[in-house]
Amino acid sequence: MFNHKDDCESNLRVLFFIMKKEFKFQSKSYAHLDKHKKSEQLDSLITNPDWVASHGFLPLIHVLMRVKRRTGCHKRFTFKERHIFYSSHTDSYIYQWYAQQLSQKYESYLAKNGFSQVATAYRSLDGKCNIDFAKEAFSFLKKQDDAFVFVTDFHSFFDSLNHSLLKNNLKKVLNTPDGLEPDWYAVYKSLIKATYFDLDELAEYKKVTKNEFRNEKTRPKILLTHSEMKQLKSTKLHKYSEIIETDDKNIDKSKIGIPQGTSISAVFANVYMIDFDKRMSDYVNCVNGFYRRYSDDIIIVVPITEKENLCSLFETERSKVQISVSPKKTRRFHICNGKIQEVYLTKGESEDTRKIIEYLGFSYNGNKILIKDASLNKFYRKLDNRLYLLRDIKKDKGRLLGLKRFYRSYSHLGESARIRFNKNHKLKSQDFKHCNFITYVNKAARIMDNPGIKHQLSKHWSHITKFLHNI
C-alpha cells in the first residue's frame, strides 16, 4: 500500500493539487474492461511515476465510424471510415494526466524555439477555435498583392506516425536526451504496441446489441471479465497495426501509427511535427509568408516568386517525417490583390477548377468568407434524416413525439434557449452546454463579421415547417 506519511509522496500530492487547479479530469461512465472510477480514487497512483511505469495498460475498445459523404449528384454517396479507440477508465486518467504534463512541456518548447503560432489544433490558445484560425488565414489572404497559396491535407495522419521519430521528438520536448523516463516509456509503449477488442465482435460474443453496451441502464459494468479476456486473447484481441492501410509494401506497419481517440494521442501528434513545423515556419517567416497547421490541415501563403521553392521544400520536409498528403485535397492558387486569379492543376492532384479556397470548414472566393457547401449539405442531410424519423414515429404512434428535442438540435430555437439561459443565469456562453449547428453558424457570422453567413441557413425554418405541416 502507498504510505501517505512519506515525504516524497506528500510533495508529489502537493504538486498534483497545484496542477489540478488548472486541470480537471474528464470522467465518463462508458462500459469498458474495468469498472468506472472517480479520479479522486486514483490520485496517488496516477501521480506516482513508479506505479505508472509498472502499470499494465488494458486493451482499447475499437469502434468503426462510417461518415457519409456526398459526391456530385445528390443521389451518390461515399463512406469514409474512421477508426476510433477509447481506453479503460484507469488508463484514461493516466493518459489525461500525462497529456497535461506533455502539453506544458510542448508549449514551453514552442515558445523557446519561436514557432508557437504554427500548430493550432489540440491547444488552448486564448479560447480560440477553428473559426478564429480560418479568419486569421483568410484575412492574411485578403492583404496579398501577389501570392501563391498552397492548401493540403495529410493522408491517414495518425496511422503514419513513425515510432522512432516520435520517440526522438518526445525526448526533445521532455528534455531527456538520454532516453524516456520509465513512466513516460510505459505510456509511449502502450500506444505504439496498442491492442484492442472490437465493439461489434464483443456485442456478438455477448449476444447483445451495441446500443445495450452504450445504454447506461442496460450495459454491464465491464464488457469482459479477466477470465473472458484470457479466453478471447487468441481470437478477438487484435493488434493496432492490423488495421493500418498503406500503399508502400516496404513499410513495417508495426513501426508506424498510434490509435486515434485516447487523451494523449493528439498531443503526441503535435510533438511528432515539431521539426517539420519549425523548418517550415522559419522559411515562411523569412519570405514574409503565412503557415498554419490544424492537425493534418495545412495552409501556406508565400510570394508568388517563391512558388517553386515552397513546393520543393514542402516535399523535402514531408518526406523527412514520412507522411503523405491527400492528392484530392491538395490545391494551389495564385492570389493577386486579394483576388483568386488562377488555380494551378497538377497531375495526380485535385482537378477542382473552382476559384474557391477551403480551409477548416470555410470557403473564400476572393471576396467573402462563407461556410463551405459540404458542411451545409451535411447539416441538411442530418436534418432530413431526423424529419423522416419524426414522420415514421407519427405513423407508428399516431402522434408526433420528440419535437422539443428536435427543435433544440436542428433549429434556431436551440440557439434561443442558450440565449435565454445565459440571460437568466448571467453566465457565459460556454456554461450552457447545449449548442447546435445554428449556434455555430451565428458564432461564425459574429467572429467573421459577415452577416451573409447567417443567410446561408435562412431557409432552414421554412424547410422544417413545410415538412412538419405535410406530416
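All values reported here derive from a predicted model rather than from experimental measurement.

Along helix 9 (residues 199-206), the positions that sit buried rather than exposed are Leu-199, Leu-202 and Ala-203. Take helix 9 and look down its axis: the buried residues cluster within an arc of 100 degrees, on one side only. Structurally, the start of helix 9 carries an N-cap: the backbone nitrogen of Asp-200 is 3.0 Å from a side-chain oxygen of Asp-198. Immediately beyond the C-terminal end of helix 9, within one or two residues, lies Lys-207, with a positive phi of roughly 60 degrees.

If you trace the three strands from one edge of the open sheet to the other, you get 10-11-12, paired in antiparallel fashion. Strand pairing shows two members of the sheet lacking a second neighbour, strand 10 (357-359) and strand 12 (369-371), which therefore form its edges. Sheet twist, expressed as the mean angle between neighbouring strand axes with direction ignored, is 30 degrees. Where helix 18 (residues 437-448) meets the sheet, its contacts fall on strand 11 (362-364) and strand 12, and the angle it forms with strand 12 comes to roughly 175 degrees.

Turning our attention to the packing of aromatic side chains. Under the counting rule described, the total for this entry stands at 26 aromatic pairs. An angle of 35 degrees between the planes, with centres 6.3 Å apart, marks the rings of Phe-362 and Tyr-440 as tilted. Remark: Tyr-440 occurs in helix 18 and Phe-362 occurs in strand 11; sequence separation between them is 78 residues. Owing to a relative accessible area of 0%, Phe-362 belongs among the buried residues under this scheme. Both rings, one in Phe-379 and one in Tyr-380, keep their centres 5.4 Å apart while their planes meet at 70 degrees; by these two values the pair is edge-to-face. What makes Phe-379 buried here is its relative accessible area of 5%. For Tyr-380, a relative accessible area of 22% gives the class partly exposed. What links up through ring pairs into an aromatic cluster is the set Phe-362, Phe-379, Tyr-380, Phe-406, Tyr-407, Tyr-410, Phe-437, Tyr-440 and Trp-461.

Our focus in this paragraph is a negative patch on the surface. A cluster of acidic residues, Glu-81, Glu-245, Asp-247 and Asp-248, forms a negative patch at the surface. Residue position: Asp-248 is located in the loop between strand 5 (237-239) and helix 12 (265-272).

What follows covers the sheet that holds strand 8 (residues 331-336). Neighbouring strands of a sheet are bound in pairs by backbone hydrogen bonds; such pairs are parallel or else antiparallel. Strand order in the open sheet made by the five strands is 6-7-3-8-9, with antiparallel pairing throughout. Strand pairing shows two members of the sheet lacking a second neighbour, strand 6 (290-294) and strand 9 (339-344), which therefore form its edges. Within this sheet the neighbouring strands show an average axis-to-axis angle of 20 degrees, counted without direction. Summarising the sheet, strand 3 (residues 146-153) and strand 7 (residues 297-303) pair through seven bridges and their orientation is antiparallel. Within strand 7, the residue paired with Val-149 across the bridge is Val-301. In the packing of helix 5 (residues 130-142) onto the sheet, the strands contacted are strand 3, strand 6, strand 7 and strand 8, and the crossing angle to strand 6 comes to about 160 degrees.

The subject of this paragraph is unusual backbone geometry. Residues other than glycine seldom take positive phi values, yet Asn-288 does so here, at roughly 60 degrees. Turning to its location among the elements, Asn-288 is positioned in the loop between helix 13 (274-286) and strand 6. You will see that Leu-360, though not glycine, has its phi angle at about 55 degrees, which is positive. Secondary-structure assignment places Leu-360 in the loop between strand 10 and strand 11.

With that out of the way, let us pick up the side chain of Thr-90. Structurally, Thr-90 is set in helix 4 (residues 89-113). The buried category is assigned to Thr-90, whose relative accessible area is 10%.

What counts, and at which threshold
- Residues numbered from 1 in each chain as written.
- Predicted model: local features only at pLDDT ≥ 70, side-chain atom pairs only at ≥ 80, totals over all residues.
- Heavy atoms only, no water.
- Buried < 20%, exposed > 50% of the residue type's maximum accessible area, 1.4 Å probe, protein only.
- Helix = DSSP H or I, 4+ residues; strand = E, 2+ residues; numbered from the N terminus.
- Arc of directions from axis to C-beta.
- Polar contact = N/O pair within 3.5 Å; in protein donor to acceptor, adjacent residues only side chain to side chain.
- Pairing = 2+ DSSP bridges.
- Axes fitted to C-alpha atoms, helices over the stretch in contact; angles between N-to-C directions.
- Contact = heavy atoms within 4.5 Å.
- Phe/Tyr/Trp six-rings, centres within 6.5 Å; stacked < 30°, edge-to-face > 60°.
- Patch = residues over 30% accessible without salt bridge, like charges linked within 9 Å, V, L, I, M, F, W, Y side chains within 5 Å.
- Areas by Shrake-Rupley, 256 points an atom, 1.4 Å probe, with all protein chains shown as cover.
- Salt bridge = Lys/Arg side-chain N within 4 Å of Asp/Glu carboxyl O.
- Lys, Arg positive; Asp, Glu negative; His and termini not counted.
- Charge placed at Lys NZ, Arg CZ, Asp CG, Glu CD.

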